[in-house]
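# Understanding the architecture of this molecule
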Amino acid sequence: MKPKTMMIHSGITGDEKTGAVSVPIYQVSTYKQPKAGEHTGYEYSRTANPTRTALETVIRDLEGGANGYAFGSGMAAITAVMMLFNSGDHIVLTDDVYGGTYRVMTKVLNRIGIKSTFVDTSDPEAVKKAILPETKAVYIESPTNPLLKMTDLQAISRITKEAGILMIVDNTFFTPYFQKPISYGADIVLHSATKYLGGHSDVVGGLVVTATEELGEELHFVQNSTGGILGPQDAWLLMRGMKTLGLRMEAHQQNAQKIAEFLEQHPAITRVYYPGLSAHPGHELAKTQATGFGGMISFDIGKEENVDVFLSQLKLFTIAESLGAVESLISVPARMTHASIPKERREELGITDGLIRISVGIEDIDDLLHDIEQGLDAVTNG
Ligand SMILES: *Cc1c(COP(=O)(O)O)cnc(C)c1O
């Protein structure tokens, strides 16, 4: 089955009693056992719930893995994956990982002895050098946020296979519609489903897919033991969102490409970061390991004062954190998502005070371009 067909048909087992075409919301915690100790596959909803199972089947099929698991948020999913490791184990991560991932590694999991090192994973040699005898996994985001740096998934997988350790990929930005890390050797793929998978700014969730059943069983043991599951209502909302993932990703990317090209030639912009531009350092790599370039763009508008002039003119871009939904959102990483990083470190990473990030929605491209253009006119004329 092709991805767009899976989005519609995966996880649908058919309700024998009613013939319901969509998966029912099984708002239930426990299940009648025909005989004490015998059950139907469902005994208690922390362990498994049919609505959640349907969602877990969809993401498993889309990522091409063995097992899927749904959690109450992306961070709950990431934390559960980290609970596969033991005190004393060491993880190598992308240096500009999602802020919440950085926080959980350095402020929570460090307290129970899970150690981490952050390196530029777009440089496979740097990853190789960071691997210690106690390293158990390399954890990657590609592309990263907000500078959209790409990591060579095959190169990292060669390194992790040789070291006999796991490769974990946060695939939130490209989604399985554009990038399937398991096909490049990843052992675990995870998502903040809050973003593109849900796609409508109305649900928080996390999803994990394991390449093997053994890893899946280990993760299910952690999930059932620690309990960070997704409830049936939210599982249903996510599945509803995911039915149009393919259509939405194509629309996001078409709009993003046009906006990135517009920004690239505009005199008020000093730099544009979008993997779909041939000038982007990860462009060629993106072409080989992904089937699209996504809907996230960052650009530098120069002086910090320009940021407020530009933002105050916009009518269609909502100033908000988060990304990946149908409506266009805009953020200022230095003041919002990356404010907790010291200014000097931010400047080193390229996250300047004039950097703006947009999550391009699926509105009409003419309206979006017009909105940006009049905002930039105010910067140029001010
Ligand atoms: C948002 C996000 C997360 C965290 O997910 P939540 O659903 O907010 O807990 C993790 N990784 C990336 C890349 C994200 O964008």
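All residue numbers here refer to positions counted from 1 along the written sequence of the relevant chain. Side-chain atom pairs in this predicted model are given and counted only at pLDDT of 80 or more, local residue features only at pLDDT of at least 70, and totals for whole chains, interfaces and linings cover all residues. Note that the side-chain values use all heavy atoms of the structure and ignore hydrogens as well as water.

Under the DSSP-based scheme used, a helix requires at least four consecutive residues in state H or I and a strand at least two consecutive residues in state E, with every element numbered from the N terminus. Along the protein chain, the regular secondary structure elements total 14 helices and 12 strands. Taken against the 2.2 N^0.38 rule, which gives 21 Å for 382 residues, the C-alpha radius of gyration of the protein chain at 21 Å falls within 12% of a compact globule. Its C-alpha atoms put the protein chain at 80 × 55 × 35 Å along the principal axes. A total of 382 residues make up the protein chain; the buried ones form 53% of that total. Exposure was quantified through the Shrake-Rupley algorithm and a 1.4 Å probe, taking into account, for residues, occlusion by the shown protein chains and nothing else. For the protein chain, the exposed area adds up to about 16,400 Å²; of that, 52% sits on carbon and sulfur atoms. The charge count treats Lys and Arg as positive and Asp and Glu as negative. His and the chain ends do not count. Charged groups are reduced to one reference atom each: NZ for lysine, CZ for arginine, CG for aspartic acid, CD for glutamic acid. Within the protein chain, one finds 33 positive and 46 negative side-chain charges whose respective centroids are separated by 4 Å. Only C-alpha atoms enter the radius of gyration, while the globule expectation follows 2.2 Å times N to the 0.38, with N the number of residues. Residue exposure (1.4 Å probe, protein chains only): buried if accessible area is under 20% of the type maximum, exposed if over 50%, otherwise partly exposed.

Counted residue by residue, strand β4 (residues 135–141) has 6 buried out of 7 residues, so it is predominantly covered. Of the pairings in the sheet, the one linking strand β2 (residues 90–94) to β4 comprises 4 bridges and is parallel in character. Counterpart to Val 92 in the pairing with β4 is Val 138. Any two strands are treated as partners once DSSP identifies two or more bridges connecting them. Bridge count for β4 against strand β5 (residues 166–170) is 5 bridges, and the pairing is parallel.

Moving on: the sheet that holds β2. The strand order across the open sheet built from 7 strands is β1-β7-β6-β5-β4-β2-β3, with neighbouring strands paired in mixed fashion. Both edges of this open sheet fall to β1 (67–71) and β3 (115–119), since each of them pairs with a single strand only. The sheet shows a mean angle of 20° between the axes of neighbouring strands, direction not considered. We call two residues in contact when some of their heavy atoms are within 4.5 Å. In this description, a line fitted to the C-alpha atoms serves as the axis of each element, helices being fitted only across the stretch in contact, and the angle between N-to-C directions of two axes falls anywhere from 0 to 180 degrees. Sheet contacts for helix α2 (residues 50–63): β1, β6 (188–192) and β7 (206–210); angle to β1, the most-contacted strand, approximately 125°. Those strands touched by helix α6 (residues 153–163) are β4 and β5, and its axis lies near 150° from that of β5.

Turning to the domain arrangement of the protein chain, a few remarks are in order. Taken domain by domain, the protein chain holds domain 1 (3–242) and domain 2 (245–381). Boundaries of every domain are those given by an automatic assignment or by a domain database. Computed over C-alpha atoms only, the centres of domain 1 and domain 2 are separated by 27 Å. Listed per partner, the contact involves 30 residues of domain 1 and 41 residues of domain 2. Put simply, buried area is how much 1.4 Å-probe accessible surface two parts lose in total, over both of them, once they are put together. Of the roughly 3,000 Å² buried where domain 1 meets domain 2, counting both sides, 63% is carbon and sulfur surface. By the criterion of area lost to domain 2, the three top residues of domain 1 are Leu 147, Phe 178 and Tyr 196, representing 27% of everything that side buries. In the sections that follow, a salt bridge refers to a side-chain nitrogen of Lys or Arg positioned within 4 Å of a carboxyl oxygen of Asp or Glu. Joining domain 1 to domain 2, the criterion identifies 1 salt bridge.

This next bit is on the site of the ligand. Around the ligand sit 13 residues, and of these Met 75, Asp 170, Ser 192, Thr 194 and Lys 195 come closest. Within the side chain of Lys 195, an N or O atom sits 2.7 Å from an oxygen atom of the ligand. When isolated, the ligand has an accessible area of 380 Å², and the protein chains bury 91% of it. Counting residues per element, the shell around the ligand draws most heavily on helix α3 (residues 74–82), which supplies 3 residues. Each residue is assigned to one class: nonpolar for Ala, Val, Leu, Ile, Met, Phe, Trp, Tyr, Cys and Pro, charged for Asp, Glu, Lys and Arg, and polar for all the others, Gly among them. Per-class residue counts for the shell around the ligand are 4 nonpolar, 6 polar and 3 charged. Think of it this way: one heavy atom of a residue within 4 Å of a molecule or strand is enough to make that residue near it. Polar contacts here mean pairs of N or O atoms no more than 3.5 Å apart (in protein, one a potential hydrogen donor and the other a potential acceptor; neighbouring residues in sequence count only if both atoms are side-chain atoms).

This brings us to the pattern of salt bridges. Within the structure shown, the criterion is met by 14 salt bridges. The partner of Glu 134 in a salt bridge is Lys 115, with the nearest N and O atoms 3.4 Å apart. Of this pair, Glu 134 sits in the loop between α5 (124–130) and β4 while Lys 115 sits in strand β3, and the two are 19 residues apart along the sequence. Glu 134 sits in the partly exposed class, given a relative accessible area of 28%. Residue classification places Lys 115 among the partly exposed positions, given a relative accessible area of 39%. For Glu 284, the salt bridge goes to Lys 287, with nearest N and O atoms at 3.5 Å. You can see Glu 284 and its partner Lys 287 sitting in helix α11 (residues 283–289), 3 residues apart, about one turn around the helix. Overall, Lys 287 belongs to the partly exposed group, its relative accessible area being 46%.

The subject of this paragraph is helix α14 (residues 365–381). In this model α14 runs 24 Å from its N-terminal to its C-terminal C-alpha over 17 residues, within 8% of the 24 Å that 1.5 Å per residue would give. Ile 365, Leu 368, Leu 369, Asp 371, Ile 372, Gln 374, Gly 375, Leu 376 and Val 379 are the residues of α14 that are buried. Two or three places before Asp 366, at the opening of α14, Asp 364 has a side-chain oxygen 2.9 Å from that residue's backbone nitrogen. A helix is expected to span 1.5 Å multiplied by its residue count minus one.

Glancing now at a negative patch on the surface. Together, Glu 213, Glu 214, Glu 217 and Glu 218 make up a region of like negative charge exposed at the surface. Along the chain, Glu 213 falls in helix α8 (residues 213–226). Here a patch means residues that are over 30% exposed by relative accessible area and free of salt bridges, tied together within 9 Å if like-charged and within 5 Å if nonpolar (Val, Leu, Ile, Met, Phe, Trp, Tyr).

Ordered by their spatial adjacency, 5 strands build an open sheet running β8-β9-β12-β11-β10, and the pairing between neighbours is mixed. Since the sheet does not close on itself, it has two edges, and those belong to β8 (271–273) and β10 (318–319), each with one partner. Inspection of the sheet shows strand β11 (residues 329–331) paired to strand β12 (residues 355–359) by 3 bridges, in the antiparallel sense. By the bridge assignment, Ser 331 is partnered in β12 with Arg 357.

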